[in-house]
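# Notes for the structure review
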Amino acid sequence: MPEHHTPLIATIAAGLALAFVLGAIAHRLRIQPIVGYLLAGVVVGPFTPGFTADIPLASELAEIGVILLMFGVGLHFSLKDLMSVSRIAIPGAIGQIAVATAMGAGLAHLLGWPLAAGLVFGLALSVASTVVLIRALQDRHILDTDRGRIAVGWLIVEDLAMVLALVLVPTAATMMAGGDVPLTRMLFVVLVTLAKVAIFVMLMLLVGRRVIPWIMHYTAQSGSRELFRLAVYAIAIGVAFGAAKTFDVSFALGAFFAGMVMGESELSQQATEEAMPLRDAFAVLFFVSVGMLLNPMVFVEAPLAVLGAVAIVMVGKSAAAYLIVRAFGYANRTALTISASLAQIGEFSFILIGLGISMSLVPNEARDLVLASAIISIVLNPLVFALVERLSPAHGPDVSEPAQDIVPTRLASHVVLIGYGRVGSHIGAELARSGTPVVVVETGERAIAQARHDGAEVIVGNAASPDILAAANVAGARRVVVTTPEAFEAGQIVEQARAANRAVEILARAHSDAAVAHLDTLGADLVVSGEREIAERMLERMRE
Ligand code: AMP
């Protein structure tokens, strides 16, 4: 190290490098990379010997990850979506928080803590982590489905409730310390907080909705990509920060609204997606920062308490969410997905418990319990999702409620068209015109609607899953056309399709020479690279 002190760079360097190495090892061992990221945090954390990264800085970096993630989610949300899920998300989230808080308070009582400690502890166990939830939904391509939107709406209500909790905890602490806080005063605090949130939302909807898209279009016209990306980051982080500082709204909520407002125009939404690569790196730092806080001794010292807390997070909360969603008449699969996505805790829990400790409301060991249950629930979350897949028919439709079981196609010697976006929809429309039998596999709601509108049979689900490919009868198909843009996923699809049918002709789309080679090896018969075709067409014209 040079003499000057650079804790920020040290934290980013150690966090990213170690997360990369351990994430890669985890991947190699076929466990989720998240385990590697969390372990990286434990290694650079204060409870293990050697280098110790800066915890407050790591948490702030993680917060940037939360901001960018929520901004990205907001891009896919419209005000209408938000309204349409509020009917279930508001009572659902509130009901679930109440149940989880009661259970947490019960556990705290068993541990001999006072009621106030139990309430803060229970609240901390009741909120899900934004990062974990969004990543889980993204990985499974369900962010854009009804159940995905309900889960996100639910998360937003939880976020709002936490904003309230954060202002109420200090008041509660005063009360506990013997100070007399009249009920009217507490009510006042709540009302002021809600009013601030409402003013922020109104400002975003009335002013932001005009100004932000205007800025984006103006910047897009400037023709400078650098300026455009800068505008995206400036707005995402700037609005989140301003919202937090001025209106006491959480960073996550601020960023979500900024994204929602920016996403209203198709142009800025698409372009913005391209400008978000920083998001994933910061999201990784979130896991590192969680690992850093963990005191591994808690597993030895209080195993039963940890188990109790984990049970509340993973079983109690899920059961409550499941029952609430079912009570609202939603399908089994929807209820299962929502409870799975919420069966974990994260960043808000740490903030809340930290506040409780600083106000001497909760004992120090509460932090270790919350962290331990966060880590366990985060690590086990994918297994919970796998269980859900098992419990509910693996490929129920994502879009329409109530869910019906997926109907495997009866077509044979048909074309299986995977993806109905910019590329697939052109192919599908042409096949429809020529009367070729085609089965479309899609996850995106808009694309599904378009495919149905064009008269195609649609199987809803992730084409990387063998069940979905089986439902599309790849084994009996004449051609499989993979138009999804992401190389890794296209590779999986090609590999599965080839495994299901040795003779079928597989066409695939790629963006780089490396991807072309990759898909070739996995068994594609023809790989078309967009960039190369574009060059060909231009050359063709120049030869004319
Ligand atoms: P585009 O890049 O505009 O051609 O759009 C690609 C389309 O593929 C989008 O509509 C996505 O919803 C869809 N898509 C991407 N990955 C998958 C997948 N694994 N399974 C099914 N559809 C997918």
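Residues numbered from 1 in each chain as written. Predicted model: local features only at pLDDT ≥ 70, side-chain atom pairs only at ≥ 80, totals over all residues. Heavy atoms only, no water.

### Some points on the domain arrangement of the chain
The domains assigned to the chain are domain 1 (56-394) and domain 2 (406-543). If you average the C-alpha positions of domain 1 and of domain 2, the two centres end up 36 Å apart. Taken residue by residue, the interface counts seven residues in domain 1 and six residues in domain 2. Both faces considered, domain 1 and domain 2 share a buried interface measuring about 560 Å² in area, 33% of it formed by carbon and sulfur atoms. The tally of links from domain 1 across to domain 2 stands at one salt bridge. In this structure, the salt-bridge partner of Glu445 is Arg149, at a minimum N-O distance of 2.2 Å. For the interface between domain 1 and domain 2, the tally reads two residue pairs in polar contact (both at pLDDT 80 or more). Residues of the side of domain 1 that touches domain 2, tallied by class, amount to one nonpolar, two polar and four charged. (Domains from an automatic or database assignment. Contact = heavy atoms within 4.5 Å. Buried area = accessible area lost by both parts, 1.4 Å probe. Salt bridge = Lys/Arg side-chain N within 4 Å of Asp/Glu carboxyl O. Polar contact = N/O pair within 3.5 Å; in protein donor to acceptor, adjacent residues only side chain to side chain. Nonpolar A, V, L, I, M, F, W, Y, C, P; charged D, E, K, R; others polar.)

### Overview of helix α2 (residues 33-44)
For the α-helix, the turn length of 3.6 residues means that residues three or four positions removed from each other point alike. Between its first and last C-alpha, α2 extends 17 Å over 12 residues, near the 16 Å set by a 1.5 Å rise per residue. Of all the residues in α2, the buried ones are Ile34, Gly36, Tyr37, Leu38, Ala40, Gly41, Val42 and Val44. (Helix = DSSP H or I, 4+ residues; strand = E, 2+ residues; numbered from the N terminus. Expected span 1.5 Å × (residues − 1). Buried < 20%, exposed > 50% of the residue type's maximum accessible area, 1.4 Å probe, protein only.)

### Here's the deal with the layout of surface pockets
Put simply, the second largest pocket is a space of about 1100 Å³. Elements with a minimum of two residues in the lining of the second largest pocket: α3 (55-75), α7 (146-176), α9 (225-247), α10 (251-262), α12 (278-293), α16 (347-358) and α17 (365-391). The element best represented in the lining of the second largest pocket is α3, accounting for 11 residues. A per-class count over the lining of the second largest pocket returns 27 nonpolar, five polar and seven charged. (1 Å grid on protein atoms, 1.4 Å probe; cavity = no way out; pocket = protein on both sides within 12 Å on 5 of 7 lines; lining within 4 Å. Points joined across faces, edges and corners; volume = space filled by probe spheres on them.)

### Some thoughts on the nonpolar core
Core analysis: the largest hydrophobic core is formed by 136 residues, its most contacted members being Phe121, Val152, Trp154 and Phe256. When residues in this core are grouped by element, the largest group, 12 residues, is from α7. Beyond its immediate stretch of four places on either side in the chain, Val152 contacts Val73, Phe77, Leu133, Ile134, Leu137, Leu143 and Phe256. Membership of the second largest hydrophobic core comes to 29 residues, among which are Ile468, Ala490, Val494 and Leu519. (Core = buried A, V, L, I, M, F, W, Y, C linked by side-chain atoms within 4.5 Å.)

### A word on the side chain of His414
Relative to the helices and strands, His414 resides in the loop between α17 and β1 (415-418). Here His414 is in contact with Thr409, Pro437, Val439, Ala472, Asn473, Gly476, Ala477, Arg478 and Arg479, once residues within four sequence places are set aside.

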